[in-house]
Amino acid sequence: MDAPPTRNSAAKPSAAEAVDQQGVRSVQRALGILGLLTDDRPTVSVRTIVEETGLAKTTVLRLVSTLEQSGLLWATGNGYMAGPGLWRWAHLARRSWELPPETQREMRELAARRRETVNMYVVRDIYRVCVAQQESPQPLRHVVQVGDELPMWAGASSKVLLRDAADGLLERIAKQSPHGPEHAATMREWIDETATKGYGESHGEREAGLSAVAVPILGRSGSVVAALALSGPTVRFTPDQVAAFAADLRQMASQMADRGFDSPFGSGG
């Protein structure tokens, strides 16, 4: 008696699966093109897109045309800029990600009192994203633009945000670091030490001369929702100042958690 046919795990995907994969790939490529636009480069040419994405020119032209028809890109004499269709998304994102007035006021007061920059970060995959900032009033200060994505292989905020991270995530982050995969073990030590102290600190780990102190902001379930940090020049982050910064940050984070902080945004603030 013949054995029943077995499914080959390496079999080619079905026609429907192939179409889905192609669709996902096209979306990723389109988003990659939009991602080339920055404050420093508000316009990109087709040539630049081809060079930086590695896509064929015909593919780039097809994607650019689709993005333009959707209003996400706008053709100019120098190339393509962000299109008017992004205004609706930008307005929605701003409303969804804007901190409540009370939280904004507390961050302003903390920045004025401690004279260092106050930042709030959340996790996005292997990055931490700055979602709010109040700049230090001092001429020499640390500034991160809202929306900037920073690596998580170092930094006080990363040690806080990764408190409950699985080993797999740490390994992925470590692979992107200048220290290689073995850095995952070091990161785990940092995270455990931070959890014990109740706050994280860093001095020149990612950028020479830059220090930071960060604490977790907890949701109702006790999980880390965001990191609240003070950052500035290392010369001003003495041991006594670090302890004082940590105390202020923990008090502010506790008040936020008491009000309900399952999300840093919206009316629950």
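Look a little higher up for the structure.
Residues numbered from 1 in each chain as written. Predicted model: local features only at pLDDT ≥ 70, side-chain atom pairs only at ≥ 80, totals over all residues. Heavy atoms only, no water.

With respect to the pattern of salt bridges
It is possible for side chains bearing opposite charge to pair when their charged atoms get close. Scanning the model with the defined rule gives 14 salt bridges in all. Here Arg-41 and Glu-52 are joined by a salt bridge, their closest N and O atoms 2.6 Å apart. Here Arg-41, found in the loop between α1 (15-34) and β1 (43-44), pairs with Glu-52, found in helix α2 (residues 46-53); they are 11 residues apart in sequence, far enough to count as distant. By relative accessible area, which is 27% here, Arg-41 ends up partly exposed. Glu-52 sits in the partly exposed class, given a relative accessible area of 45%. Between Glu-205 and Lys-159 there is a salt bridge, with the nearest N and O atoms lying 2.6 Å from each other. (Salt bridge = Lys/Arg side-chain N within 4 Å of Asp/Glu carboxyl O. Helix = DSSP H or I, 4+ residues; strand = E, 2+ residues; numbered from the N terminus. Buried < 20%, exposed > 50% of the residue type's maximum accessible area, 1.4 Å probe, protein only.)

Examining the sheet that holds strand β7 (residues 200-203)
What the six strands build is an open sheet, ordered β6-β5-β4-β9-β8-β7; its pairing is antiparallel. Of all strands in the sheet, those bounded by a partner on one side alone are β6 (149-151) and β7. The sheet shows a mean angle of 30° between the axes of neighbouring strands, taken without regard to direction. Pairing geometry for strand β4 (residues 117-124) and strand β5 (residues 127-134), over seven bridges, is antiparallel. Counted as the bridge partner of Val-122 is Val-129 from β5. (Pairing = 2+ DSSP bridges. Axes fitted to C-alpha atoms, helices over the stretch in contact; angles between N-to-C directions.)

What about the sheet that holds strand β2 (residues 73-76)?
Ordered by their spatial adjacency, three strands build an open sheet running β1-β3-β2, and the pairing between neighbours is antiparallel. Looking at the sheet topology across the chains shown, the edges are occupied by β1 and β2. Relative to strand β3 (residues 79-82), β2 runs antiparallel, the two being bridged by four bridges. Each residue of the ladder has a partner; that of Trp-74, found in β3, is Met-81. Sitting on the sheet, helix α3 (residues 57-69) is in contact with β2 and β3, with an inclination near 105° to β2. (Contact = heavy atoms within 4.5 Å.)

Quick look at helix α5 (residues 101-114)
Between the first and last C-alpha of α5 there are 20 Å, a value that for 14 residues agrees with the 20 Å anticipated at 1.5 Å per step. For α5, the set of buried residues is Thr-103, Glu-106, Met-107, Leu-110 and Ala-111. Around the axis of α5, the buried residues are gathered within 135° of arc, so they sit on the same side. Seen from the open side of α5, the exposed residues pointing more than 90 degrees away from its buried face are Pro-101 and Ala-112. Buried residues along α5 sit in contact with β4, β5, β9 (224-233) and α9 (239-259). One or two positions beyond α5, positive phi appears at Arg-115, with a value near 60°. (Expected span 1.5 Å × (residues − 1). Arc of directions from axis to C-beta.)

Some thoughts on unusual backbone geometry
With phi around 60°, Arg-115 is a residue other than glycine that occupies positive phi space. Along the chain, the position of Arg-115 falls in the loop between α5 and β4. With phi around 60°, Asp-125 is a residue other than glycine that occupies positive phi space. The topology assignment puts Asp-125 in the loop between β4 and β5.

It is worth stressing that arrangement in space is one thing and function is another; only the former is reported here.
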